[in-house]
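Now for the letters of each chain:
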Amino acid sequence: MNLVLLGPPGAGKGTQAKLLEDSRSLVKLSTGDMLRAAVAAGTELGRKAGDIMERGLLVPDDLVIKLIAERMDQGGCGEGYILDGFPRTIAQAEALDRLLKERGKELDRVIVMQVDDDALVERIAGRFACAYCGEGYHDLYKLPKVNGVCDRCGSAGFVRRRDDNEEVVRARLEAYHAQTEPLIGYYRRQGKVSAVDGMADIRAVAREIGQALEGIGVKGAKRPAKTPG
Ligand code: AMP
């Protein structure tokens, strides 16, 4: 099963992708994570992308498409991919269709996570993650059970993203509405969209996604009913 999680920054795509990865044998492909790793490693790609990311703009299509294609060629796709943060433009969506087709695969479902812009700024400004395993936390909604210790791996280092501040978040939201939102129509025309309420709590969202995926990957099963809107 191959899935795309689509939604604005802060909608919870990374959190839900991780839950899906843990609960099913799916492999999470996050272009944001890959680009941040390239920036941290100081590669040529990282040097090209770093400044763009800090301004909340989109990295050029050819660079991210190449990144995804190279990752797919490394193998290790488990039962399929969960794409988090890719595609973000129509050109990327068309490239994804092509990349999957060339590998004898197809995209099964696009989960659209619906959230309102004002809530996103508050959500994003409070988030941080374990520096070692990447487990996500939030100042208001999800603190570690033991102060300063990661629930998942027990380590004590945490990080905040440089682009998780109000000014950059506004730019990222603008990029989302202008360049990424049109993908909802693109995938709706393919009959692949399921919309979930991204404002609900993490477990409720996970349940809704689970329902949207029922029957997918099971031979002869029907696709879930399309959701309106
Ligand atoms: P994310 O972690 O998905 O929010 O991505 C962080 C930043 O990386 C974005 O604001 C963009 O600058 C860049 N980025 C990640 N994925 C893409 C993509 N598919 N296309 C263009 N830029 C991307």
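If you're wondering where the values come from, they're calculated on a predicted model, not measured in any experiment. (Residues numbered from 1 in each chain as written. Predicted model: local features only at pLDDT ≥ 70, side-chain atom pairs only at ≥ 80, totals over all residues. Heavy atoms only, no water.)

Colleague: Mind laying out the sheet that holds strand β4 (residues 109-114), listing which residues take part and the relevant values?
Modeller: Strand order in this open sheet of five strands is β2-β3-β1-β4-β8, and the pairing throughout is parallel. The open sheet has two edge strands, β2 (27-30) and β8 (193-197), and neither has a second partner. Strand-to-strand, the axes of this sheet are offset by a mean angle of 20 degrees, without reference to chain direction. Here helix α9 (residues 202-212) sits on the sheet in contact with β4 and β8, set at roughly 160 degrees to β8. (Pairing = 2+ DSSP bridges. Helix = DSSP H or I, 4+ residues; strand = E, 2+ residues; numbered from the N terminus. Axes fitted to C-alpha atoms, helices over the stretch in contact; angles between N-to-C directions. Contact = heavy atoms within 4.5 Å.)

Colleague: How would you summarise the packing of helix α7 (residues 166-180) against helix α8 (residues 182-189) if you had to cite specific residues and measurements?
Modeller: Where α7 contacts α8, the two axes come as close as 5 Å, and the packing angle between them is 35 degrees. Residues Tyr-176, His-177, Ala-178, Gln-179 and Thr-180 of α7 touch α8, and the partners they reach there are Pro-182, Leu-183 and Ile-184. When the residues that make up the contact of α7 with α8 are grouped by side-chain class, the tally is five nonpolar, three polar and no charged. (Nonpolar A, V, L, I, M, F, W, Y, C, P; charged D, E, K, R; others polar.)

Colleague: Can you break down the layout of surface pockets residue by residue, with the values?
Modeller: One number sums up the size of the second largest pocket: a volume of about 200 Å³. Secondary-structure elements contributing two or more residues to the lining of the second largest pocket are α2 (31-41) and α3 (44-54). Of the residues belonging to the lining of the second largest pocket, the class tally is three nonpolar, one polar and five charged. (1 Å grid on protein atoms, 1.4 Å probe; cavity = no way out; pocket = protein on both sides within 12 Å on 5 of 7 lines; lining within 4 Å. Points joined across faces, edges and corners; volume = space filled by probe spheres on them.)

Colleague: Give a description of the pairing of β4 that names residues and reports values.
Modeller: Most of β4 sits inside the fold, with five of its six residues counted as buried. Sheet topology places strand β1 (residues 3-6) next to β4; four bridges connect them, and they run parallel. If you follow Leu-6 over to β4, its bridge partner there is Val-112. By the bridge criterion, five bridges tie β4 to β8 in an arrangement that is parallel. Note that in β8 the partner of Val-112 across the bridge is Ala-195. (Buried < 20%, exposed > 50% of the residue type's maximum accessible area, 1.4 Å probe, protein only.)

Colleague: Can you tell me about the site of the ligand, naming the residues and giving the values?
Modeller: Residues in close proximity to the ligand total 16 residues, the closest being Thr-31, Arg-36, Leu-57, Arg-88 and Gln-92. In this structure, a nitrogen atom belonging to the ligand sits 3.0 Å away from a main-chain N or O atom of Val-59. Here Arg-172 contributes a side-chain N or O atom positioned 3.4 Å from an oxygen atom of the ligand. Expressed as a share of its isolated accessible area of 480 Å², the protein-covered part of the ligand is 96%. Per-element accounting of the shell around the ligand gives the leading share, four residues, to α2. By residue class, the composition of the shell around the ligand is seven nonpolar, four polar and five charged. (Near = heavy atom within 4 Å. Polar contact = N/O pair within 3.5 Å; in protein donor to acceptor, adjacent residues only side chain to side chain. Areas by Shrake-Rupley, 256 points an atom, 1.4 Å probe, with all protein chains shown as cover.)

Colleague: Go over unusual backbone geometry, please, and point to the residues and values.
Modeller: A cis amide bond links Phe-86 to the next residue, Pro-87, at an omega of 0 degrees. Its location among the elements puts Pro-87 in the loop between β3 (81-84) and α5 (90-102).

Colleague: Could you give an account of the sheet that holds strand β7 (residues 158-159), naming the residues involved and the relevant values?
Modeller: If you trace the three strands from one edge of the open sheet to the other, you get β6-β5-β7, paired in antiparallel fashion. Of all the strands in the sheet, the pair left with one neighbour each is β6 (136-138) and β7.

Colleague: Account for the nonpolar core, with residues named and values stated.
Modeller: Core analysis: the biggest nonpolar cluster contains 37 residues, and Leu-96 and Tyr-187 have the highest contact counts within it. For this core, the element with the most residues is helix α4 (residues 61-73), which contributes seven residues. When near neighbours in sequence (up to four residues on either side) are disregarded, Tyr-187 contacts Pro-87, Ala-93, Leu-96, Leu-107, Val-110, Lys-192 and Val-193. Counting 22 residues, the second-largest nonpolar core is a separate cluster that includes Leu-3, Ile-82, Met-113 and Ala-212. (Core = buried A, V, L, I, M, F, W, Y, C linked by side-chain atoms within 4.5 Å.)

Colleague: Break down the side chain of Ser-155 for me, citing the residues and quoting the values.
Modeller: Within the secondary structure layout, Ser-155 lies in the loop between β6 and β7. In this view, Ser-155 contacts Cys-130, Tyr-132, Gly-148, Val-149 and Cys-150; residues no more than four positions away in its chain are not counted.

Colleague: Could you give an account of the environment of Val-169, with specific residues and numbers?
Modeller: With respect to the element layout, Val-169 can be found in helix α7. Take Val-169: its relative accessible area is 1%, and that puts it in the buried class. Placed 79 residues apart in sequence, Val-169 and Ile-90 show a C-alpha to C-alpha distance of 22 Å. If we ignore the near neighbours within four places in the chain, the residues touching Val-169 are Val-121, Ile-124, Asp-163 and Asp-164.

Colleague: Break down the packing of aromatic side chains for me, with residues and values.
Modeller: Remark: the centre distance and the inter-plane angle together describe each pair of aromatic rings, the angle taken between the planes. Across all of its chains, the model carries four aromatic pairs by this definition. Centre to centre, the rings of Phe-128 and Phe-158 are 5.6 Å apart; their planes meet at 80 degrees, and the pair counts as edge-to-face. One end of the pair, Phe-128, is in strand β5 (residues 127-130); the other, Phe-158, is in strand β7, and 30 residues separate them in sequence. The exposure class assigned to Phe-158 is partly exposed, which follows from its relative accessible area of 26%. Seen from their ring centres, Tyr-137 and Phe-158 are 5.7 Å apart, and the 80 degrees between their planes marks the pair as edge-to-face. (Phe/Tyr/Trp six-rings, centres within 6.5 Å; stacked < 30°, edge-to-face > 60°.)

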